[in-house]
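# Structural features, examined
Chain residues, written in single-letter form:
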Amino acid sequence: MQIETQYSFIDGEWHPGGETFDSINPSDTSDVIGRFSVASVDDCDSAVTAARSAFPEWSLSGLEQRKAILDAVGAELIGRSEEIGTLIAREEGKPLAEGIGEVARSGQFFQYFGAEVLRQMGEFAASVRAGVNIEVSREPLGVISIITPWNFPIAVAAWKIAPALAFGNCVVLKPAELVPASASMFADILARSGLPDGVFNMVHGPGNVVGQALVANPNVDAISFTGSVATGRHIARAAVENMTRVQLEMGSKNALIVLNDADIDVAINCAVNGAYFGTGQKCTASSRLIVEAGIHDEFVERMITATDALVVGHALEPGTQIGPVVDGQQLNKNLGYIQLAKEEGATVATGGDKLRLVTNGYYMRPALCVDTSNAMRINREEIFGPISSVIKVADFDEALSVSNDSDFGLTSGIITTSLSHATHFKRHTQSGCAMVNLPTAGTDYHVPFGGRKSSSYGPREQGQYAKEFYTTVKTTYLSA
Ligand code: ADP
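These numbers come from a predicted model, not from an experiment.

## Some thoughts on the packing of aromatic side chains
Following the criterion strictly, the structure yields eleven aromatic pairs and no others. Measuring from centroid to centroid gives 6.3 Å for Tyr112 and Tyr445, while their planes differ by 85°, and the two rings are edge-to-face. With Tyr112 in helix H4 (residues 96-116) and Tyr445 in the loop between strand S20 (433-436) and strand S21 (452-453), this pair connects stretches of sequence that are 333 residues apart. Taken together, the ring pairs in this structure connect Phe109, Tyr112, Phe113, Trp159, Tyr445 and Phe449 into an aromatic cluster. Above the ring of Trp58, the side-chain terminus of Arg66 is found at 5.9 Å from the ring centroid.

Put into structure tokens, the structure is as follows:
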């Protein structure tokens, strides 16, 4: 069957590129989802130029026009969530219900920021000088490069693009190479939404060429990136060269603390959800389970049973709880970490091996490692797979100290019935998001999202905090 090549979207037109690459279904590698042409560096520069040209008009566009477009994009995403969610499940490998949920949630991001369009308030101040008044207002930045990962093909792009547009910026999106079909479907919605040509652009291709071109271009005013620490550091260094504003969401090694006084059912539900749902491919996944000695053995026993009961399967198969790993490279990386865990002296209590199913996909059984210490590499480096480790600790103080002993600090959680421990944890956990009796994964969209240490760099994303990144402040002094 002839596969039609899909293009990048530049200045209001679908634009052919050079060589092509295919998107493959990780649940069934015989299923080729689409073929995409790689944008050249010149194409990327054209996209930035188009965004720059569109900016003066869009930055001054009427608020109702902007709101109407954001609302319409949100409504289309919500209305087509099943269709687009099916494509995400096919392309990324998350179970269908999660794919549908991701699209519906992405629609809500647009509707939220549609409402924010009308809430752009400034401040008024009296001056220290008689007869002078001061206004503090916000203005859009200009051209934003948005570089996104594969694990939430539409949601991450949506929570960056919606505020960028709401505040009057123009956008060039560079989606991850593993999920170009989902990105193209999303781009098609934006292309038909009534945005003037050049306000939204999308370029397909590898990070080190296409992403790099968007990072190096001095006409880009800000870069919002979600991905690995190594790429994030590289982008930050390159951005400084051009004095470009950056916002980076990177790795994590999130801890879930389980205390002796925990409700064990809550602990198991939160640990299984946080560690394995989404195949552990979430930046908010619980990869370290820090368990107090008194509940440790029961927790491990129940975790093994719960982990073994998870249904691993084709993302579109009803009943599948855990889909495949996203590709062969990530699967090999995961299996390498299982081998490393054993070499480091951990016990793989269950899972951690490849699974052969009817279709040829990148399936792996979720793994629980026990007898681990926080010094082991499996507990220090981000794996991004369905692998979680139990670290046994003597008491709450040790639990908190082990939890904080990490290069990362995105989310952390505690399962306890003690108000005192929960309160102390909230204040002293060194992470951007803290969860009490909830999984480390799963956040709302109207409140800030981001982390500390090597997990994040720059202003927070989402909710009203998004304006810190997508606008610049102007202080105006007025004398009559
Ligand atoms: P992951 O390991 O999750 O794929 P990456 O950091 O490699 O994380 O990728 C996240 C996004 O960053 C992808 O869209 C990728 O293409 C892009 N990317 C990778 N390398 C670069 C780079 N040198 N410059 C800009 N973007 C890049």
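Anyway, onward from the coordinates.
## Concerning the packing of helix H9 (residues 264-276) against helix H10 (residues 293-308)
Where H9 meets H10, the closest approach of the two axes is 10 Å, and the angle between their N-to-C directions is 50°. Regarding the angle of H9 to H10, the classification is oblique. For the pair H9 and H10, the sense of crossing is right-handed. Mapping the contact onto sequence places Ile264, Asp265, Ala267, Ile268, Ala271, Val272 and Tyr276 in H9 and Ile295, Glu298, Phe299, Arg302, Met303, Ala306 and Thr307 in H10. In the contact of H9 with H10, the residues fall into ten nonpolar, one polar and three charged.

## Regarding the side chain of Lys282
Note that Lys282 resides in the loop between H9 and strand S14 (286-292). Of the buried charged residues, Lys282 lacks a salt bridge, with Glu98 as the closest side chain of opposite charge at 4.9 Å. Apart from residues lying up to four places away in sequence, Lys282 is in contact with Asn151, Phe152, Phe277, Phe384 and Ala441.

## Looking at the domain arrangement of the chain
Taken as a whole, the chain is organised into domain 1 (5-250 + 455-479) and domain 2 (254-436). The straight-line distance from the C-alpha centre of domain 1 to that of domain 2 is 31 Å. Each partner contributes to the interface: domain 1 provides 24 residues, whereas domain 2 provides 27 residues. Summed over both partners, the interface of domain 1 with domain 2 buries about 2,000 Å², with 59% contributed by carbon and sulfur atoms. The largest per-residue losses of area from domain 1 upon contact with domain 2 belong to Ser27, Trp150 and Ser455, which jointly make up 26% of the total buried on that side.

## Some remarks on the sheet that holds strand S15 (residues 347-350)
Strand-to-strand pairing in sheets goes through backbone hydrogen bonds, with the strands running parallel or antiparallel. Within the open sheet, the seven strands sit side by side as S15-S16-S17-S14-S13-S19-S20. Their pairing is mixed. Two strands bound the open sheet, and with one partner strand each, they are S15 and S20. Within the sheet, the average angular offset between the axes of one strand and its neighbour, ignoring direction, is 25°. Where S14 meets strand S17 (residues 387-393), five bridges bridge the pair, whose relative direction is parallel. By the bridge assignment, Glu292 is partnered in S17 with Val393. Across the face of the sheet, H9 comes into contact with strand S13 (254-258), S14, strand S16 (367-372), S17 and strand S19 (411-415) while running at roughly 170° to S13.

Thresholds, definitions, all that
- Residues numbered from 1 in each chain as written.
- Predicted model: local features only at pLDDT ≥ 70, side-chain atom pairs only at ≥ 80, totals over all residues.
- Heavy atoms only, no water.
- Phe/Tyr/Trp six-rings, centres within 6.5 Å; stacked < 30°, edge-to-face > 60°.
- Helix = DSSP H or I, 4+ residues; strand = E, 2+ residues; numbered from the N terminus.
- Lys NZ or Arg CZ within 6 Å of the ring centre and 35° of its normal.
- Axes fitted to C-alpha atoms, helices over the stretch in contact; angles between N-to-C directions.
- Parallel < 35°, antiparallel > 145°, perpendicular 65-115°, else oblique.
- Left-handed = near helix turned anticlockwise from the far one by under 90°.
- Contact = heavy atoms within 4.5 Å.
- Nonpolar A, V, L, I, M, F, W, Y, C, P; charged D, E, K, R; others polar.
- Buried < 20%, exposed > 50% of the residue type's maximum accessible area, 1.4 Å probe, protein only.
- Lys, Arg positive; Asp, Glu negative; His and termini not counted.
- Salt bridge = Lys/Arg side-chain N within 4 Å of Asp/Glu carboxyl O.
- Domains from an automatic or database assignment.
- Buried area = accessible area lost by both parts, 1.4 Å probe.
- Pairing = 2+ DSSP bridges.

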